[in-house]
Structure formats: C-alpha cells, structure tokens
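# An overview of the molecular structure
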Amino acid sequence: MTEIIKNKKLHLHYLDGLRGLAALYVLFVHIEPSMGEELPFWLNLFQLMMRYGRISVVIFIVLSGYGLMLSVVRSQSNYVSGGFIGYIKRRSWRILPAYYATIILCIILATGIRLLENFTTFQWEYIPGSHPFSPYFSFSDLVYHLLLINNINSDISGSINPPLWTVATEWQLYFFFPLLLLPIWRRFGLLTVAISACLIGLIPLYLLNGLFESASPWFLGVFAIGMAAAEIGFSQKPKLITFRNSLPWDKLAIAFTVVAFLTEWRRLGLHIWISEYLFGMATACLFIYCTKLVIDGKKLPRILQVFEHPLAIALGTFSYSLYLTHGPVLALVSRFLLSLHIPLTKYAVVLYVLGVAASLIFAYLFYLVFERPFMSSFLKRRKVKDAVI
C-alpha cells in the first residue's frame, strides 16, 4: 500500500462528484418559490429541506484544505510547490479570472436594469426571501468585492451577488495556509495545527466582540480539519498509518453528522460555528474513509456511489462557475416568470425546473470561456463530455 500511495497519482473522483452535488444544492437553496405566500404542503416540505446551504459551504472549505494539503503531503517536502509566490500565482490564476468575470457580468446586468427602470415602465420587483442578486449596489460595495474583502460586513456581503462572500473567505484562507498553518504543522504536528486553527478562528467572535463575524472566521478551523484529513489519508508516518487503519471512519462520519444537525437546530440556541465544526469533522471522516477504500482498490458503499456517478463528476467539473453565476441567472428567470402572472404553484415548479436548467447551461458556457482556459493542464483534460461518456 505504501508504494500505491507514494507513487500512484490517484484521482479521487468522489471529491469531484461531491463538489458538484454541493454546488447544485446551493443552487436549489437560492431558489425562492413562495414570494412570501403559503405553498402547497409538498412544495413547502421540499423547501424546508433546502435550508442547509451552509453545509455545502463547509464542504467546500474542507475540500480546499484537503486539496491544498494533499499536494504538500504528496510532495514529501512539507512546503507548497514553487514557494509562496508561485503558490499565490497558481491560486490567483485558478480563482480570480472567473470571479472578476462574474463581477463584470453583474455590473453589466445591473446597468441594464437601471437603464430600463429609468427609460421604460419596467421595475425590478423585490421578492421576499430571495437574495441571489441585487442591481442596487454602491461604488463602495463594488470596491470591496474587487478587493475580495466583501465578506467583512453583512450589508456588503449581501450586495451584488451574495454567494461571492465565500469566495472572499476562501481567498483569505489561501494566505493563512502557507503563512500560518503550514509553519505550525511543520513545527508542532497535525493535532496542534487543527486545534490552533479552531481557536484562532474563534478569537474574533469571543475576544473582539464578533468582529468580522459575517466572514465566518471559524472557517479557518474547518479548513485545518480538511488539512488533517489529507495527512491522515496519505501520510506514511507509522503513527498516522495506525490511526488511519484503526478507526471506523464511516461510523464517525455518521455520528458527527447526527450531532451536527442536532446542534444546528435553532431551538437549542447554539452558535452556528459549533455545528459547522462538527459538519467539518463529518466531512473529514468521510474523506478519510472514501480515500482509504480507493487506495485499497475497493468500491464505495452503494449509498456513496452517487459521488462517483458520471453526471455528478461532470457537474463537479464546472461547479465553481455554477456557484459564481447562478444568482444572477435565477434572478432573471424569476423576474421573467413573475411577468407572466401565473399561479403560485405553477410558478414555483417552473422556477425550479427552468431556474436549474438555465443556471446549469449558463454556468457551463461561462466555464468554457472564463474558467477552463485558466486551469492547469491536468484539470483541462477533465472534460464534461468525458465524465458523462
């Protein structure tokens, strides 16, 4: 097994599928079909299931920590490839072009809407509970977004394209990884870096009167949990090999998930960071369990094979573009359907169908133009049609 881990460049397809399904779930979360009115029971029940969008964000953060740490663990050097400058260049080239293209898209769309309002009878209607995109933003809002600090205040993060606040948070975590987390890990080890990151992430909340709470600074700990999962899954250190082989990671993932949902329950009045750390732990345990199966040449359990389904993997290929662009697309689709004055139930059903279809199509086209050209040569070879075929 040592040679397999050390020499074979495994591609963990389940990670792509999970990333794609998480992005799809966020898309469903941001669809608001009720317009503030009462929906039929079956639609209301479905909508209640769409209230856990932040779980997907936790998965994305764990994935980031896992993926970045995986390259360090595999390199055997304990440092990021190419040094800090090379690392930041790679992260910038991968993340920023599509992000700024989305900002430009939002500016063009907002400008068009404001012109229509000024020179025609068209009015951009407010839909209660729906905030995937807003054409009413200030110049300062735009500047914060361009600087990737749009997550520091809830009013700013809720402007323009609200899902973009997580991109800012993740961008900031990219700097913490080589400048803080890796040095702690190299000096003190895995457990220390995970505990330190969790505690540091809570300092703004409890010692600085909730400073930057809208940025969810505790995600630093979630990111470190992803780092820990990568080292546990691939390390050749004897203690970690024993640790990897001795624990029931599948059962731990289930246990952490159950406790996380219980702590997330609003009636308990617990802060959301508690459940998100637990969801992070559940995700990390899932990664360790699935990776161990892949390394051992075994199939995932049937219930988890959905992550390796070709459609899920294909979706994961352009999941970043889907996450970036679905807000404006959903906003346009909902306004179009509102103009038809159709009954509420029909509006809700059509919004789900048309909104999802339009978001997926637009995201894929956006991916081809603004994301794929900036991928590494390895990632470019992962084409959607190849995954499906």
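Every value quoted in this text rests on a predicted model; they were computed, and no experiment measured them. (Residues numbered from 1 in each chain as written. Predicted model: local features only at pLDDT ≥ 70, side-chain atom pairs only at ≥ 80, totals over all residues. Heavy atoms only, no water.)

### Remarks on the overall build of the protein
What the protein contains, in helices and strands, is 18 helices and 0 strands. The C-alpha radius of gyration of the protein comes to 21 Å, within 12% of the 21 Å expected for a compact globule of 389 residues. Taking all 389 residues of the protein together, 50% fall into the buried category. The long-range fraction of contacts in the protein, counting pairs at least 24 apart against all pairs at least 6 apart in sequence, stands at 74%. Of the roughly 18,900 Å² that the protein leaves accessible, carbon and sulfur atoms contribute 68%. (Helix = DSSP H or I, 4+ residues; strand = E, 2+ residues; numbered from the N terminus. Rg over C-alpha atoms; globule rule 2.2 N^0.38 Å. Buried < 20%, exposed > 50% of the residue type's maximum accessible area, 1.4 Å probe, protein only. Contact = heavy atoms within 4.5 Å. Areas by Shrake-Rupley, 256 points an atom, 1.4 Å probe, with all protein chains shown as cover.)

### Focus on helix α12 (residues 249-264)
End to end, α12 covers 22 Å across 16 residues, agreeing with the expected 22 Å (1.5 Å per residue, within 8%). Among the residues of α12, those classed as buried are W249, A253, A260, T263 and E264. Around the axis of α12, the buried residues are gathered within 100° of arc, so they sit on the same side. For α12, the exposed residues set more than 90 degrees away from the buried face come down to K251 and I254. Of the surrounding elements, those touching the buried residues of α12 are α10 (219-234), α11 (238-246) and α13 (272-295). (Expected span 1.5 Å × (residues − 1). Arc of directions from axis to C-beta.)

### Points about the packing of aromatic side chains
Under the criterion given, the structure shown has 26 aromatic pairs. Taking the centre distance of 5.2 Å and the plane angle of 85° together, the rings of Y52 and F261 count as edge-to-face. One end of the pair, Y52, is in the loop between α3 (41-48) and α4 (53-75); the other, F261, is in helix α12, with 209 residues separating them in the sequence. A relative accessible area of 22% places Y52 in the partly exposed class. The exposure class assigned to F261 is partly exposed, which follows from its relative accessible area of 35%. Among the aromatic residues, those joined into a cluster by ring pairs are F84, W171, Y174 and F175. The lysine or arginine in question, R186, covers the ring of Y79, its NZ or CZ lying 3.9 Å from the ring centre. Stacked on the ring of F188, the Lys or Arg R187 has its end atom at 5.0 Å from the ring centre. (Phe/Tyr/Trp six-rings, centres within 6.5 Å; stacked < 30°, edge-to-face > 60°. Lys NZ or Arg CZ within 6 Å of the ring centre and 35° of its normal.)

### Details of the packing of α12 against α13
Contact pair α12 / α13: the axes reach a minimum separation of 8 Å and the direction vectors enclose 165°. Taken together, the axis directions place α12 and α13 in an arrangement best described as roughly antiparallel. As for how α12 packs across α13, the hand of that crossing is left-handed. Contacts between α12 and α13 involve W249, D250, L252, A253, F256, T257, V259, A260, F261, T263 and E264 from the first element and I274, S275, L278, F279, M281, A282, C285, L286, I288 and Y289 from the second. (Axes fitted to C-alpha atoms, helices over the stretch in contact; angles between N-to-C directions. Parallel < 35°, antiparallel > 145°, perpendicular 65-115°, else oblique. Left-handed = near helix turned anticlockwise from the far one by under 90°.)

### Section: the side chain of T169
Structurally, the position occupied by T169 is in helix α8 (residues 165-188). A residue is classified by how much of its surface remains accessible, and T169, at 6% relative accessible area, is buried. At a separation of 3.2 Å, a polar atom in the side chain of T169 contacts the main-chain carbonyl oxygen of A215. T169 has contacts with N151, A215 and F219, leaving out every residue within four places of it along the chain. (Polar contact = N/O pair within 3.5 Å; in protein donor to acceptor, adjacent residues only side chain to side chain.)

### Digging into a nonpolar patch on the surface
A surface patch of nonpolar side chains, amounting to about 750 Å² of accessible area, comprises F41, W42, L45, L48, M49, V349 and V353. Tracing the backbone through its elements, the reader meets V353 in helix α16 (residues 344-371). Its relative accessible area of 56% is what places V353 among the exposed residues. (Patch = residues over 30% accessible without salt bridge, like charges linked within 9 Å, V, L, I, M, F, W, Y side chains within 5 Å. Salt bridge = Lys/Arg side-chain N within 4 Å of Asp/Glu carboxyl O.)

### Thoughts on the nonpolar core
One recurring pattern in soluble globular proteins is that nonpolar side chains are buried together. Counting residues in each nonpolar core, the largest one holds 120 residues, and the members touching the most others are Y14, Y66, M69, F177 and F219. The dominant element in this core, judged by the number of residues it contributes, is α4, at 14 residues. Residues contacting Y66, with those up to four places away along its chain left out, are L12, Y14, L15, G226, M227, A229, A230, F234, F287 and T291. (Core = buried A, V, L, I, M, F, W, Y, C linked by side-chain atoms within 4.5 Å.)

### Quick notes on the confidence of the model for the protein
Reading fine detail from the predicted coordinates is not recommended where pLDDT is low. Taken as a whole, the protein shows an average pLDDT of 91; of its residues, 93% reach a score of 70 or greater. Low pLDDT (under 50) marks residues 1-7, which in the prediction has 9 contacts with non-local residues, meaning those over four places away or in another chain. (pLDDT = per-residue confidence, 0-100.)

### Brief notes about the environment of V329
Inspection of the secondary structure puts V329 in helix α15 (residues 319-339). Each C-alpha atom, one on V329 and one on V62, is 27 Å from the other, the two residues being 267 residues apart in sequence.

### So, the packing of α8 against α10
Direction vectors running N to C along α8 and α10 enclose 55°, while the axes themselves pass 9 Å from each other. As judged from the angle between their axes, α8 and α10 are oblique. Our pair here, α8 against α10, has a crossing hand that is right-handed. Side by side, α8 and α10 meet where W165, T169, L173, F176, F177, L180, L181, L182 and W185 of the first sit next to F219, L220, F223, M227 and E231 of the second. Its residues placed into classes, the contact of α8 with α10 shows 12 nonpolar, 1 polar and 1 charged. (Nonpolar A, V, L, I, M, F, W, Y, C, P; charged D, E, K, R; others polar.)

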